[in-house]
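Below are the chains, spelled out letter by letter.
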Amino acid sequence: MTKWTRSARETVALGEALGRLLGPGDLVLLRGEIGAGKTTFTKGVAAGLGIDDTVVSPTFMLHCIYEGRLTLNHFDFYRLDDPSETLIFALDETLEAGGVALVEWPDRVPDVLRPPYLDVELALTEADDERTLTLGPVGGDWAERIAELA
């Protein structure tokens, strides 16, 4: 499924709609170049989970945790040099405990992230503030759930 947003507000709104659909143990992978809107989209997801905290890019912290209807674990693996470094974040345990994980730069650790997950590709267009978001379900019941976003 591909969606277009024409502003940061629309990107947040799409993230919020997804956040309302998330359940315990869900994994969402966020792909896109720097500035594509991954953190903006995550702000919407957080709102959909009932999180009031200010969501920031975890680039320098690598992992931010926010409490809402479900615990949101926001990971940024851009700075990782070796996929084994993900072990310190206990991603599997986080998901098994009922948290939700959004992972930016999942291509840095391709063999670590296993289905089911929702793959979200954010891409800038030539128009100001416009983005395309391609949502690709990989396993589980993701296809049925994201159909609600159509």
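Residues numbered from 1 in each chain as written. Predicted model: local features only at pLDDT ≥ 70, side-chain atom pairs only at ≥ 80, totals over all residues. Heavy atoms only, no water.

Caption draft 1: Quick peek at the side chain of Lys38. Among the structural elements, Lys38 can be located in helix α2 (residues 38–48). One buried charged side chain, Lys38, makes no salt bridge at all; its nearest oppositely charged neighbour is Glu104, positioned 4.6 Å away. Not counting residues within four places of it along the chain, the set of residues in contact with Lys38 comprises Leu30, Arg31, Gly32, Glu33, Glu104, Trp105 and Leu122. (Helix = DSSP H or I, 4+ residues; strand = E, 2+ residues; numbered from the N terminus. Buried < 20%, exposed > 50% of the residue type's maximum accessible area, 1.4 Å probe, protein only. Lys, Arg positive; Asp, Glu negative; His and termini not counted. Salt bridge = Lys/Arg side-chain N within 4 Å of Asp/Glu carboxyl O. Contact = heavy atoms within 4.5 Å.)

Caption draft 2: Structural view of the pattern of salt bridges. One pass over the full model with this rule turns up five salt bridges. Note that Glu10 is salt-bridged to Arg6, the shortest N-O span being 3.8 Å. What you see here is one network of salt bridges that share partners, running through Asp26, Asp141 and Arg145.

Caption draft 3: Representation of the pairing of strand β6 (residues 117–124) in the model. Note that strand β2 (residues 27–31) and β6 share four bridges and pair parallel. Residue pairing across strands places Leu29 opposite Asp119, the latter belonging to β6. Here β6 pairs with strand β7 (residues 131–138) via eight bridges, running antiparallel. Within the sheet, the bridge partner assigned to Glu121 lies in β7 and is Thr134. Remark: six residues form the turn of the hairpin made by β6 and β7, two consecutive strands paired antiparallel; Asp129 in that turn has positive phi of roughly 60°. (Pairing = 2+ DSSP bridges.)

Caption draft 4: Here's a closer look at the sheet that holds β6. With mixed pairing, seven strands are arranged side by side in an open sheet as β1-β7-β6-β2-β5-β4-β3. Strands at the two margins of the open sheet, each flanked by one partner only, are β1 (2–5) and β3 (63–66). Between one strand axis and the next, the sheet turns through 20° on average, direction left out of account. Running at roughly 140° to β1, helix α1 (residues 8–21) makes contact with β1, β2, β6 and β7 of the sheet. Of the strands in this sheet, β2, β4 (72–76), β5 (100–104), β6 and β7 are in contact with α2, which crosses β5 at around 170°. (Axes fitted to C-alpha atoms, helices over the stretch in contact; angles between N-to-C directions.)

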